[in-house]
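Below are the chains, spelled out letter by letter.
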Amino acid sequence: MQASPRKELSLFDSTCIIVGIIIGVGIFETAPIVAASMNGPFNTLAVWFAGGVLALTGALCYAELATTYPREGGDFVYLRRAYGGWAGYLFGWSQLAIIRPVDIALLAFIFARYARALYNPWQYSSVAYAAAAVVVLTIINIIGVKESKWTQNILTVIKVAGLLLIAGAGFLASYHPVSPAESATLTIGGVQLAMILVLFTFGGWNEMAYVAAEVKKPQRNIVRALVVGTVGVTVLYLLINCAFLRALGFAGMADSNAVAVDTLGKAFPDAAGRLVCVLICISALGSVNGLVFTGARITYAMGIHHRAFRVVGTWNGRLGTPVWSLVLQGCLSLAIIFLARSFIDTILYSEPVVWLFFLATAVSVFVLRRKDRDIPRSYRIFGYPVTTIVF
């Protein structure tokens, strides 16, 4: 009898997966650009709030789907059931060959960039750091779910504590009042750019669906983890933006090239740069670990249904992990690291595909309510159909 996933993820574990993947490094990179695009502090906070609301509408869609079909694979399961085997295969193949290895490589590059700022022993240390992050975290995930989930929990707690430290430094700094010149007219292009960056920074709220079969009491804890994780990150993002605005003023925030360093520098001027580098390294590693953990479950689900990928559709009974899915995913991520060698080249490779599948999964909510009307649903989307249409 073939081994199968065991229910080892508690509500806290599940929430840490979501929060740990969402809070990567985007908030440090995008906050100043979003502020400059929105032309005012209140508009800036409004677009971050709107991004949180949209992420929550998406999380509610996934909550209904994941509790109705609590299996490994997430979108692979929903798209396959809604549209046929071809749709699930297309999603699984794109995740295996493009999206997941690229996302892992992307975050590994960011980890390497800030690790080099702390210690740069040789010319190619960036590639070496990125590759080492993928190899080490893949091995941890192969060893067992317990080891990988505790790695995720610890990294998530540290990164949230670090963000709260930056927020605290911002609120303790001297107040910079908003001047009339800091509230210019909004432009459509500015709002569009800001929303794209905000939604990118909120990315990862859907990852819980990929490990649904490993969640304890899935009908209850999947919904809670999705909602608590998404709402919690929204509150934290609003808090950190308020801290940036208070410490630097709107103009200072919008013009900053290192907004977290500048804010933390108000309280720790001599150590701010290194502290932020450490925090970003931890944040990036937490996101990489979460992506490695959840991504292998998609490949595993595809291997169960498609003979060509049968080798990755096996679950190791002794270790309790999809070993060959993790190995293949790690190898593809390493290949992208060695070939791409840059952050921008990596991100341009994958984003259009990601959002196309988000759209298809959102539409599948309507399709599956009609197609599987006899299947009991322990959770139904609040505000349906408006919530789903908005997403």
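Criteria and thresholds
- Residue numbers here run from 1 along each chain, matching the order of that chain's written sequence.
- In view of the model being predicted, local features appear only for residues whose pLDDT reaches at least 70, and side-chain atom pairs are presented and counted only at 80 or more, with totals across whole chains, interfaces and linings using the full set of residues.
- Each side-chain value is worked out from all heavy atoms of the structure, with water and hydrogens disregarded.
- Numbering of helices and strands starts at the N terminus; helices are DSSP runs of H or I of at least 4 residues and strands are runs of E of at least 2.
- The atom set for the radius of gyration is the C-alpha atoms, and the globule formula is 2.2 Å times the number of residues raised to the power 0.38.
- Neither His nor the chain ends is counted toward charge; the positive residues are Lys and Arg and the negative residues Asp and Glu.
- Where a charge lies is defined by one atom per residue type: Lys uses NZ, Arg uses CZ, Asp uses CG and Glu uses CD.
- Whether two aromatic rings pair depends on their centres lying within 6.5 Å, for rings of Phe, Tyr and Trp, where Trp uses its six-membered ring; planes under 30 degrees apart make the pair stacked, over 60 edge-to-face, and the rest tilted.
- Any residue under 20% of the maximum accessible area for its type is buried, any over 50% is exposed, and the rest in between are partly exposed; the area is computed with a 1.4 Å probe on protein chains only.
- The rule is short: NZ of Lys or CZ of Arg within 6 Å of the ring centre and within 35 degrees of the ring normal puts a charge over the ring.
- Salt bridges are counted wherever a side-chain nitrogen of Lys or Arg sits within 4 Å of a carboxyl oxygen of Asp or Glu.
- To estimate the expected span of a helix, count its residues, drop one, and scale the result by 1.5 Å.
- What the arc describes is the spread of directions from the helix axis to the C-beta atoms.
- Contact between two residues is taken to exist if any of their heavy atoms lie within 4.5 Å; hydrogens are not considered.
- Scored from 0 to 100, pLDDT reflects the predictor's confidence in each residue.
- Like-charged residues are merged into a patch within 9 Å and nonpolar side chains (Val, Leu, Ile, Met, Phe, Trp, Tyr) within 5 Å, provided each residue has over 30% relative accessible area and no salt bridge.
- Computed with a 1.4 Å probe, the accessible areas rest on the Shrake-Rupley method; for each residue, only the protein chains presented here act as cover.
- Here the axes come from fitting lines to C-alpha atoms, over the contacting stretch only for helices, and the angles between their N-to-C directions go from 0 to 180 degrees.
- The crossing is said to be left-handed when, going from far helix to near helix, the turn is anticlockwise and less than a right angle, and right-handed when the turn is clockwise.
- In this classification, the charged set is Asp, Glu, Lys and Arg, the nonpolar set is Ala, Val, Leu, Ile, Met, Phe, Trp, Tyr, Cys and Pro, and all remaining amino acids, among them Gly, are polar.

## What to know about the overall build of the chain
Okay, step 1: Secondary structure summary: the chain contains 15 helices and 0 strands in total.
Okay, step 2: Relative to a compact globule of 391 residues, whose C-alpha radius of gyration would be 21 Å, the chain shows 21 Å and is just as compact.
Okay, step 3: Counting only C-alpha atoms, the chain reaches 65 × 50 × 35 Å along its principal axes.
Okay, step 4: Across the chain, the 29 positively charged side chains and the 18 negatively charged ones have centroids separated by 10 Å.

## So, the packing of aromatic side chains
Okay, step 1: By the definition in use, this model includes 18 aromatic pairs.
Okay, step 2: With a centroid separation of 5.2 Å and an interplanar angle of 80 degrees, the aromatic rings of Phe 91 and Phe 357 are classed as edge-to-face. Taken as a pair, Phe 91 in helix H5 (residues 85–118) and Phe 357 in helix H14 (residues 351–371) lie far apart in primary sequence, 266 residues in all.
Okay, step 3: A residue is classified by how much of its surface remains accessible, and Phe 357, at 9% relative accessible area, is buried.
Okay, step 4: One aromatic cluster in this structure is built from Tyr 62, Tyr 69, Tyr 78, Trp 205, Trp 355, Phe 358 and Phe 391.
Okay, step 5: A cation sits over an aromatic face here: Arg 297 above Phe 293, 4.0 Å from the ring centre.

## As for the pattern of salt bridges
Any two side chains of opposite charge can pair, on the condition that their charged atoms come close.
Okay, step 1: One pass over the full model with this rule turns up 9 salt bridges.
Okay, step 2: Asp 13 is the salt-bridge partner of Lys 149, the closest N and O atoms lying 3.2 Å from each other. Placement of Lys 149 in helix H7 (residues 145–172) and of Asp 13 in helix H1 (residues 11–22) is noted, with a sequence separation of 136 residues between them.
Okay, step 3: Judged by relative accessible area, which is 13%, Lys 149 ranks as buried.
Okay, step 4: Judged by relative accessible area, which is 5%, Asp 13 ranks as buried.
Okay, step 5: Among the ionic pairs, Arg 377 bridges to Glu 64, the shortest N-O distance being 3.2 Å. One end of the pair, Arg 377, is in the loop between H14 and helix H15 (386–390); the other, Glu 64, is in helix H3 (residues 41–68), and 313 residues separate them in sequence.
Okay, step 6: Among the charged side chains, a network of salt bridges with common partners joins Glu 64, Arg 369 and Arg 377.

## Focus on helix H8 (residues 188–201)
Okay, step 1: The terminal C-alpha atoms of H8, which comprises 14 residues, lie 20 Å apart, in line with the 20 Å expected from a rise of 1.5 Å per residue.
Okay, step 2: Regarding H8, the residues found buried are Gly 190, Ala 194, Met 195, Leu 197, Val 198 and Thr 201. All buried residues of H8 lie within an arc of 165 degrees about the axis, which places them on one face of the element. Residues of H8 that are exposed and angled more than 90 degrees away from the buried face: Ile 188 and Ile 196.
Okay, step 3: In this structure, the buried side of H8 is in contact with H1, helix H2 (26–38), H3 and helix H9 (218–255).

## Some remarks on the confidence of the model for the chain
Interpretation of this model should avoid reading the predicted coordinates in detail wherever pLDDT is low.
Okay, step 1: Confidence in the prediction for the chain averages 86 pLDDT; 93% of positions are at 70 or higher.
Okay, step 2: Mean pLDDT across the secondary structure elements of the chain bottoms out at helix H13 (residues 343–347), with 53, and peaks at H3, with 93.

## Concerning unusual backbone geometry
Glycine aside, negative phi is the norm for most residues, and most peptide bonds take the trans geometry.
Okay, step 1: With an omega of 0 degrees, the peptide bond running from Tyr 384 to Pro 385 counts as cis.
Okay, step 2: Within the element layout of this structure, Pro 385 appears in the loop between H14 and H15.
Okay, step 3: Here the phi dihedral of Lys 217 falls at roughly 50 degrees; this positive angle occurs in a residue that is not glycine.

## Notes on the environment of Arg 220
Okay, step 1: Following the sequence through the fold, Arg 220 ends up in helix H9.
Okay, step 2: When the C-alpha positions of Arg 220 and Ile 188 are compared, they lie 40 Å apart, and in sequence the two are 32 residues distant.

## Side note on a nonpolar patch on the surface
Okay, step 1: Where nonpolar side chains cluster on the molecular surface, the patch consists of Val 135, Ile 139 and Ile 143 and spans about 240 Å² of accessible area.
Okay, step 2: By the element assignment, Ile 143 lies in helix H6 (residues 125–143).
Okay, step 3: Ile 143 sits in the partly exposed class, given a relative accessible area of 45%.

## Some remarks on the environment of Ile 22
Okay, step 1: With respect to the helices and strands, the residue Ile 22 is situated in helix H1.
Okay, step 2: Here Ile 22 falls in the buried class, since its relative accessible area comes to 4%.
Okay, step 3: For the pair Ile 22 and Thr 230, spaced 208 residues apart in the sequence, the C-alpha separation amounts to 8.5 Å.
Okay, step 4: Those residues within four positions of Ile 22 in sequence are excluded, and the remaining contacts are Thr 201, Phe 202, Gly 203, Gly 204, Trp 205, Val 233 and Tyr 237.

## Observations concerning the packing of H7 against H9
Relative placement of two packed helices is described by the angle separating their axes and the distance separating the axes.
Okay, step 1: Look at H7 against H9: their axes get within 7 Å of each other, and the N-to-C directions meet at 35 degrees. Between H7 and H9 lies a crossing of left-handed hand. On the side of H7, the interface is formed by Val 160, Leu 163, Leu 164, Ile 166, Ala 167, Gly 170 and Phe 171, while H9 contributes Leu 236, Leu 239, Ile 240, Cys 242, Ala 243, Phe 244, Arg 246 and Ala 247.
Okay, step 2: When its residues are assigned to classes, the contact of H7 with H9 shows 13 nonpolar, 1 polar and 1 charged.

## Concerning the environment of Val 211
Okay, step 1: With respect to the element layout, Val 211 can be found in the loop between H8 and H9.
Okay, step 2: Sequence-wise, Val 211 and Gln 152 are 59 residues apart; in three dimensions their C-alpha atoms are separated by 14 Å.
Okay, step 3: Ignoring sequence-local partners within four residues, the contact set of Val 211 consists of Leu 9, Ile 17, Glu 72, Phe 293, Thr 294 and Arg 297.

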